[in-house]
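Structural overview
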Amino acid sequence: MNWITNYVRPRINSIFSRRETPDNLWTKCTECGTMLFHRELSDNLNVCTDCGHHMAITPRARMEALFDGGIFTEVETPEAIADPLQFKDQKKYPERVKIAQKKTGEKDAMLVVEGDIGRTSIVAAAQDFSFMGGSMGMNVGNAIVAGAQRAVELKRPFVLFSAAGGARMQEGILALMQMPRTTVAVQMLREAGLPYIVVLTHPTTGGVTASYAMLGDIQIAEPNALIAFAGTRVIEQTIGEKLPEGFQRAEYLLDHGMLDRVTKRTEMRAELITIVRMLLGLPPEVMGDLPAPTEAETEKVETPDETAKK
Amino acid sequence: MNNYLDFERPLAEIEGKAEELRALARRSEEMDVEDEASALDKKAAEMLVDLYKELTPWRKCQVARHPERPHCQDYINALFTDYTPLAGDRNFADDHAVMGGLARFNGRPVMVIGHEKGNDTKSRIERNFGMARPEGYRKATRLMEMADKFGLPVVTLVDTPGAYPGKGAEERGQSEAIARATEKCLQIGVPLVSVIIGEGGSGGAVAFATANSVAMLEHSIYSVISPEGCASILWKDAEKMREAAIALRLTAQDLTELGVADRIVNEPLGGAHRDRETAITAVGKEIEAMLVALENLSPKALITDRRQKYLDLGNKGLAA
């Protein structure tokens, strides 16, 4: 850890990310209707500054906010067969994937990375609901297995942010089989004695809830996140009655004993650091800046420019 | 046989005619209709062969859901002895959609667990049409754990439209219950063999069918979503279930090609419901074969084998 990674790189990162001016400078809160300035909103992690409503956040933006200095490295995940069932509904499956890839700039619905949070090394994964509803196909399965394997290899905790409608229908039974498959991944972590923390974000439903997203040592949810097995409409149709207010929302699940905590996104990082460090038997996080590097340490570090010059 | 599926209607007509003729002949003794009737029988038999020669995926769904198809209870009654049902999840209730308990299979003690759909209005309601609530999965988890403790092989019989989508089921953690049951399937150091006897409906089936060996009856299905559900989401029209059934690749034949199912158990001509005894015997033979194949594996090897099977399902696909 030194001032280059702590200070210079985040600055460079932020210059680059801020350069892309969004088309729309204002976003309307989907809950209270307040117009929110894009920078203010992203600084607040897409949580409405007025009513506290948690709007969707991309996995990358989440990771940037989570990791020290916004620095993380992607964990490589093997790529599965593109269209295992040659599935065609009104559109061909590969076309749907291409549209999602273009929209999100991601390969599939799960991003796996490694890095430090509060100077604690972890592996983390975040699911992208904007990529085909975050749906779990073989690539999402691959990402979770790769993430768990990497965590075991590095002896690090695994933190997973879930968001999905369920299994990806276009991969049929192979998507369903990611339920036991990702469960094996969770067992790898258990057997290695590593913490597995799930943060359920809006929405997490179906086969995803019924596998890795409900098997965490610690289950945290973001406020008001929909967390369910069956969809609300399906249940209403089945039982023929209206469901109570707040049904299948994070707070409702907390009340029914299905979660450990409901935590605001803006407080999530600090909480994860606290929990992870306790589970690992580490002392509390050192707040504030590390002591200035000694000269000897500074000399050891080469900036990319210097490396290139050689 | 009087419960025909819609695609069997022409067959129903012919069989009906033959039946009518015979009924007529029974009333007036001088009439001899046997020639005509047996001609109709022959035609019906040919038609049955024809109808079942290549069932479309949707027709297979219909056969898999046939109300007279043998259910879990029938298999347990016929294939197991000393069946001792064990009830309850020790938390909340006993779920009648899931039956299970100790039994002997060909003499050896085992734990048998399965979904039961019921076979008349009363029992269907009692069994909740085979749709389990969290208590059902937790009961299964408890029984698997017990089997592990006492070294008993586990046999699961899968036949469910899916886990029950209800208010209480959600409140009591349907998804967690399914996840834990699946996890337990992957943890036990005893042989775990599974037969999909009818419908393998999504997560509700996975919770039981995460096994060392999975056999499927010839006309059973196993799918991530029902064809109707898939059609209403992707086609925005539940009536497109025929297309959805094709696209989903949910037949036993597709699933063996994809490596999800290991074996297919042939059904008698016209489906298991036309000759229940034959179907049940065939399933019994298959269970025996699967158990024997796993007999000499150590607990550790059994767990590794099961996990590897599912880890390998990360890059499969149909041949182009």
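Since the model is a prediction, treat every value here as computed from it, not as a measurement. (Residues numbered from 1 in each chain as written. Chains lettered and ligands numbered in written order. Predicted model: local features only at pLDDT ≥ 70, side-chain atom pairs only at ≥ 80, totals over all residues. Heavy atoms only, no water.)

This part is about the overall build of chain A. A count of helical and extended segments in chain A gives 13 helices and 9 strands. Expressed as a percentage of contacts within chain A between residues at least 6 apart in sequence, the contacts between residues at least 24 apart total 67%. Total accessible area computed for chain A in this model is approximately 15000 Å², and 52% of it derives from carbon and sulfur atoms. (Helix = DSSP H or I, 4+ residues; strand = E, 2+ residues; numbered from the N terminus. Contact = heavy atoms within 4.5 Å. Areas by Shrake-Rupley, 256 points an atom, 1.4 Å probe, with all protein chains shown as cover.)

A separate point is the nonpolar core. Ranked by internal contacts, the top residues of the largest apolar core, which has 115 residues, are A:Tyr212 and B:Tyr222. If one sorts the elements of this core by residue count, helix H5 (residues 138-154) of chain A sits on top with 7 residues. Ignoring anything within four residues of it in the chain, the contact list for A:Tyr212 reads A:Met110, A:Gln127, A:Met136, A:Val140, A:Ile144, A:Leu160, A:Thr182, A:Val186, A:Tyr196 and A:Val198. B:Val112, B:Leu217, B:Ile280 and B:Met290 belong to the second largest nonpolar core, which has 25 residues in total. (Core = buried A, V, L, I, M, F, W, Y, C linked by side-chain atoms within 4.5 Å. Buried < 20%, exposed > 50% of the residue type's maximum accessible area, 1.4 Å probe, protein only.)

Next up on the list: the packing of aromatic side chains. Two numbers describe a pair of aromatic rings. These are the distance of the centres and the angle of the planes. According to the stated counting rule, one finds 7 aromatic pairs over all chains in the structure shown. Relative to A:Phe72, the ring of A:Phe67 has its centre 5.8 Å away and its plane inclined at 45°; by these criteria the two rings are tilted. Against the face of B:Tyr164 rests B:Arg133, its NZ or CZ located 4.6 Å from the ring centre. (Phe/Tyr/Trp six-rings, centres within 6.5 Å; stacked < 30°, edge-to-face > 60°. Lys NZ or Arg CZ within 6 Å of the ring centre and 35° of its normal.)

Residue and element names in this part refer to chain A. Taken in spatial order, the 7 strands of this open sheet run S3-S4-S5-S6-S7-S8-S9, and their pairing is mixed. Edge positions in the sheet fall to strand S3 (72-74) and strand S9 (261-262), since each of these pairs with one other strand and no more. One ladder, built from 6 bridges, connects strand S6 (residues 158-164) with strand S7 (residues 196-204); its direction is parallel. Pairing of Ser 162 across the sheet is with Leu 200, part of S7. Taken strand by strand, helix H3 (residues 59-66) contacts S3, strand S4 (110-117), strand S5 (120-127), S6 and S7, and its axis lies near 160° from that of S5. (Pairing = 2+ DSSP bridges. Axes fitted to C-alpha atoms, helices over the stretch in contact; angles between N-to-C directions.)

Residues and elements named next belong to chain B. Annotation of chain B at the domain level lists domain 1 (7-53) and domain 2 (62-319). Computed from C-alpha atoms alone, the centre-to-centre distance between domain 1 and domain 2 is 37 Å. Counting residues at the interface gives 6 residues for domain 1 and 8 residues for domain 2. Buried area between domain 1 and domain 2, both sides added, is near 590 Å², and the carbon and sulfur share of it is 65%. Considering only the surface of domain 1 that becomes buried against domain 2, Phe 7, Leu 48 and Tyr 52 emerge as the three largest contributors, covering 74% of it. Taken together, domain 1 and domain 2 are joined by 1 salt bridge. Arg 274 serves as the salt-bridge partner of Glu 8, at 2.9 Å between the closest nitrogen and oxygen. Along the contact surface separating domain 1 from domain 2 lie 3 residue pairs in polar contact (both at pLDDT 80 or more). (Domains from an automatic or database assignment. Buried area = accessible area lost by both parts, 1.4 Å probe. Salt bridge = Lys/Arg side-chain N within 4 Å of Asp/Glu carboxyl O. Polar contact = N/O pair within 3.5 Å; in protein donor to acceptor, adjacent residues only side chain to side chain.)

A few words now on the interface of chain A and chain B. Taken together, the contact pairs 51 residues of chain A with 50 residues of chain B. Buried area between chain A and chain B, summed over both chains or domains, comes out near 4300 Å², and the portion from carbon and sulfur atoms is 68%. Of all residues in chain A, the largest losses of buried area upon contact with chain B belong to A:Met169, A:Ile173 and A:Phe229, amounting jointly to 16% of the total for that side. Summed over the shared surface of chain A and chain B, the result is 2 salt bridges. In this structure, A:Glu191 engages B:Arg307 in a salt bridge whose closest nitrogen and oxygen atoms are separated by 2.9 Å. Counting across the interface, chain A meets chain B through 15 residue pairs in polar contact (both at pLDDT 80 or more). Going through the elements one at a time, H5, helix H6 (172-176), helix H7 (178-191) and helix H9 (232-239) of chain A are the ones with two or more residues in the side of chain A that touches chain B. By residue number, the principal contributor to the side of chain A that touches chain B is H7(A), which donates 10 residues. Taken together, the residues of the side of chain A that touches chain B break down into 31 nonpolar, 13 polar and 7 charged. (Nonpolar A, V, L, I, M, F, W, Y, C, P; charged D, E, K, R; others polar.)

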